[in-house]
Amino acid sequence: MAVDELQAIIQRCQILEEADFKGEDFNLFQVAGQKCLEDGHAAQLLEVIQNEKNKVIIKNMGWNLISPLVRCIFMYKQGDDKREQCLRILDQLAQLCNPKELFLGLLEQIEQTSGEQVCQTVMLLLQPLQTVLLKLQNKKAYSVGLSLAMIMNQLTPLPVPYTKQQIQEDKLGLCQCCNAVVDFAKPFVNEVVKNTEKSSEYNDMELKEELIKFCMKSLKYPLLTAQLEQLEGIEEHPFRHFATEIIVSAVEIITVLFVHHKSKSPHWENQEFADIEQKNSADSLACLSYLIFVQHLGVECFPVVFSPSYLLLRNMTHIEDLFESCLLRMDDNSLLHHYLEFRDFINVPQDLVKIMTLCPMEHMGKKSLNILQLFIDKFDTEGKYTLFRCLLKTSNHAGVEGYIIKNIKDQIHLALTYDNIWFTGHHLISLLDLVLSLPEGAETDLLQNSDRIMASLNLLRYLVIKDCESDNQTGVWTTLGKIEQNFLKPLRVGLNMSKAHYEAEIKNKKENRKEAQSSNTVCSVTVSGEKMPAMTTGMQLQVLHSALFTFDLIESVLARVEELIEVKTKAVMDENS
């Protein structure tokens, strides 16, 4: 019955000119063709499609059969004759149909698929979609980009297999599908490379741009979260193969993007590239660096003209971007303190401190500081406590220690508001032993340690104001005698010594100023073997006065702390008496 209906429509349309086809004809052809497929008459439908007399009809109407055809293909098992006939129909439609109409039909089918059938549908339609795209004359680059974007958008929600068992099972077919997609893109990558080699004037920037977008998306998903280590028992790791193909196939395009990344004034041939880079490149280029320099995938295709120092400079940004991206995916206070038992979780903040304190690039130092704070925020209270102790002992930098002490103050404030044991009581007292002390007693270089000292004094002032002696939640009043002996008294002595020394230096400079001016004497300073610009006596005096100002600032806060302690202690004594 269905075959007879189809033959009747075909005979009717055979006598019509192409321009005379009506909407009713399209609908009747689709319904009859769908019935043939559903009733198991795929062989008869294939004969109709292959008939030379029906060439014009199939060219205009055949694309309507894509949706029912895909459904029928999935109905039959692998090796079934009817499935093979349906696959031949799909191949014939790719050859005979209007490329523009069939392109839209195939894309619509990919867009409508979901769940477990996503990868199956994509792999089924990749070959006909590639055939159609290669035949397109107008808007080819746009169509290629739209196809790749649609495919990647459909794949992205799928979980990436991680364990050996998951990769071997490939339950949803993602491993196989990813490699099929990169094969799908190869002809278009090869076209760009071939035409660029053939003519230096070749400038199909739109196609290059679309391929860059695809490469960037592939690096972010699935490669950013994929397991890429060699696994025993897996001869060809699917994601390693996919990563290599992405790098090798598009190396010409990716290299352009890599070279210009983060440069001060990138000269893009197309301004759109700059927008792509800014919006999407951080995670993707971090992944690219990891693939090339850690996993050594596609490294033989990477340009060897870059110096090690240049690569280090570029990869520093990628490392931080990747780490920051991972941290931003986590909730605050969600990282358990047990993770600090892993050496990497201690090494990373120490490395961030090194970048903050030693890297000559200011923006890198600031970025590292922001990431360190993110890292701290992710740990639970015990984790923060352990991390603070570690960084206070290992940073060897007053500015970093001052920053950690400010963090400790914030955690104490939270502990007094929302009860926790790690920043109150005996745990806090143990931490305060590290904070409220001078490395070398009264002889400590107060100027060099001023950031740490000011932060410590501000913390102590906060504790004295916030925590009443009768409550003593923090335990600060219990250990006050120790604090005075190990911190406040040596600090007072050190301040008096430092101020006396610098005041004497200022007096000496002023007395010798006339003599220095008459002889044109200047002070020269050498740092790391390089002679720094000479300092005049006036400049030296300015430095000395700046140091005195710092001492005065420390002394004023110290005096306020001592005053608060005295007032509160006296008040308690009066109450007791």
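Residues numbered from 1 in each chain as written. Predicted model: local features only at pLDDT ≥ 70, side-chain atom pairs only at ≥ 80, totals over all residues. Heavy atoms only, no water.

Named according to an unreviewed UniProt entry, the chain is Glomulin, FKBP associated protein originating from Catharus ustulatus.

**So, the overall build of the chain**
Where we set the bar: Each helix is a run of H or I in the DSSP string that is no shorter than four residues. Each strand is a run of E no shorter than two, and both are numbered from the N terminus. Any residue under 20% of the maximum accessible area for its type is buried, any over 50% is exposed, and the rest in between are partly exposed; the area is computed with a 1.4 Å probe on protein chains only. Residue contacts are defined here by distance: any two heavy atoms, one from each residue, within 4.5 Å place the two residues in contact. Using a 1.4 Å probe, the Shrake-Rupley method yields the accessible areas, and only the shown protein chains count as cover for residues.
Regarding its fold elements, the chain presents 25 helices and two strands. The burial tally for the chain puts 46% of its 577 residues in the buried class. Long-range contacts, defined as pairs at least 24 residues apart, comprise 74% of the intrachain contacts of the chain with a sequence gap of at least 6. Only carbon and sulfur atoms are counted for the fraction: they give 51% of the accessible area of the chain, which is about 30,400 Å².

**Structural notes on the confidence of the model for the chain**
Counted only if it meets this: Every residue is assigned a pLDDT by the predictor, reflecting its confidence on a scale from 0 to 100.
Per-chain confidence: the chain averages 85 in pLDDT, with 89% of residues scoring 70 or above. Per-element confidence in the chain ranges from a low mean pLDDT of 47 for strand E1 (residues 526-527) to a high of 96 for helix H8 (residues 118-135). Residue range residues 255-269 is modelled with pLDDT below 50. Its contacts to residues more than four positions away, or to other chains, number 35 contacts.

**Here we look at a nonpolar patch on the surface**
Defined as follows: Like charges within 9 Å and nonpolar side chains (Val, Leu, Ile, Met, Phe, Trp, Tyr) within 5 Å are joined into patches, using only residues over 30% in relative accessible area that form no salt bridge. The rule for a salt bridge is simple: a side-chain nitrogen of Lys or Arg has to be within 4 Å of a carboxyl oxygen of Asp or Glu.
On the surface, Leu336, Tyr339 and Phe342 cluster together to form a nonpolar patch covering roughly 310 Å² of accessible area. Looking at the element boundaries, Leu336 is found in the loop between helix H16 (308-328) and helix H17 (343-358).

**Description of the packing of aromatic side chains**
Stated formally: A pair of aromatic rings is counted whenever rings of Phe, Tyr or Trp (Trp by its six-membered ring) have centres within 6.5 Å, and the orientation is called stacked for planes under 30 degrees apart, edge-to-face for over 60 and tilted otherwise.
Tallied over the full model, the rule gives twelve aromatic pairs. Each ring, one from Phe345 and one from Phe379, has its centre 6.5 Å from the other, and the planes form 85 degrees; the classification is edge-to-face. One end of the pair, Phe345, is in helix H17; the other, Phe379, is in the loop between helix H18 (362-378) and helix H19 (381-394), and 34 residues separate them in sequence. We classify Phe345 as partly exposed; its relative accessible area is 24%. Residue Phe379 is classed as buried on the basis of its relative accessible area of 0%. Taken together, a centroid distance of 5.9 Å and an interplanar angle of 75 degrees make the contact between Tyr385 and Phe423 edge-to-face. Of this pair, Tyr385 sits in helix H19 while Phe423 sits in the loop between helix H20 (398-417) and helix H21 (425-435), placing them 38 residues apart in sequence.

**With respect to the packing of H8 against helix H9 (residues 140-155)**
Using the following cut-off: Angles shown run from 0 to 180 degrees and are taken between the N-to-C directions of axes, each axis being a line fitted to C-alpha atoms and, for helices, limited to the stretch in contact. By definition in this entry, angles of less than 35 degrees are roughly parallel, angles greater than 145 are roughly antiparallel, angles of 65 to 115 are roughly perpendicular, and the rest are oblique.
Here H8 crosses H9 at 175 degrees, and the two axes come no closer than 11 Å. The orientation of H8 with respect to H9, classified from their angle, is roughly antiparallel. Along the contact surface, H8 presents Val118, Cys119, Val122, Leu126, Leu129, Leu133 and Leu134, while H9 presents Lys140, Ser143, Val144, Ser147, Ile151, Gln154 and Leu155.

**Some remarks on the environment of Phe188**
With respect to the secondary-structure elements, Phe188 resides in helix H11 (residues 174-198). Through-space distance from the C-alpha of Phe188 to that of Lys140 is 9.9 Å; in sequence the pair is 48 residues apart.

**A few points about the layout of surface pockets**
Rules: Buried and open spaces are told apart on a 1 Å grid over the protein atoms alone, a cavity being a set of points where a 1.4 Å probe fits but cannot get out and a pocket being an open set with protein on both sides within 12 Å along at least five of seven lines. Residues with an atom within 4 Å of a point are the lining residues. Grid points are joined across faces, edges and corners, and a volume is the space filled by probe spheres set on the points. Each residue gets one label: Ala, Val, Leu, Ile, Met, Phe, Trp, Tyr, Cys and Pro are nonpolar, Asp, Glu, Lys and Arg are charged, and the others, such as Gly, are polar.
Reported here for the largest pocket is a volume of approximately 950 Å³. In terms of lining, the largest pocket is formed by 30 residues, of which the most central are Tyr290, Ile319, Leu322, Phe323 and Cys326. Looking at the lining of the largest pocket, the elements that each hand over two or more residues are helix H15 (271-293), H16 and H17. The biggest single contributor to the lining of the largest pocket is H16, with nine residues. Residues of the lining of the largest pocket, tallied by class, amount to 20 nonpolar, six polar and four charged.

**Re H21**
To be explicit about the condition: The arc in question is formed by the directions pointing from the helix axis toward the C-beta atoms.
Among all positions in H21, only His427, Leu428, Leu431, Leu432 and Val435 are buried. Projection of H21 onto a plane perpendicular to its axis shows the buried side chains occupying an angular sector of 135 degrees, all on one side.

**Describing the packing of H20 against helix H22 (residues 450-466)**
Let me state the cut-off plainly: We call a crossing left-handed when the near helix sits turned anticlockwise from the far one by less than a right angle, and right-handed when that turn is clockwise.
Between H20 and H22, whose axes approach to 7 Å, the crossing angle comes to 15 degrees. If you check the angle between H20 and H22, you find them roughly parallel. Between H20 and H22 lies a crossing whose hand is left-handed. For the pair H20 and H22, the contacting residues are Ala398, Gly399, Glu401, Gly402, Ile405, Ile408, Lys409, Ile412, His413 and Leu416 in the first and Asp451, Arg452, Ala455, Ser456, Asn458, Leu459, Tyr462, Leu463 and Lys466 in the second. Along the lines of polarity and charge, the residues of the contact of H20 with H22 split into nine nonpolar, five polar and five charged.

**Looking at the pattern of salt bridges**
A complete count under the given rule lists 17 salt bridges for this structure. With its nearest N and O atoms 3.8 Å apart, the salt bridge here joins Lys35 to Glu5. Taken as a pair, Lys35 in helix H2 (residues 23-38) and Glu5 in helix H1 (residues 2-14) lie far apart in primary sequence, 30 residues in all. When its relative accessible area of 34% is taken as the criterion, Lys35 is described as partly exposed.

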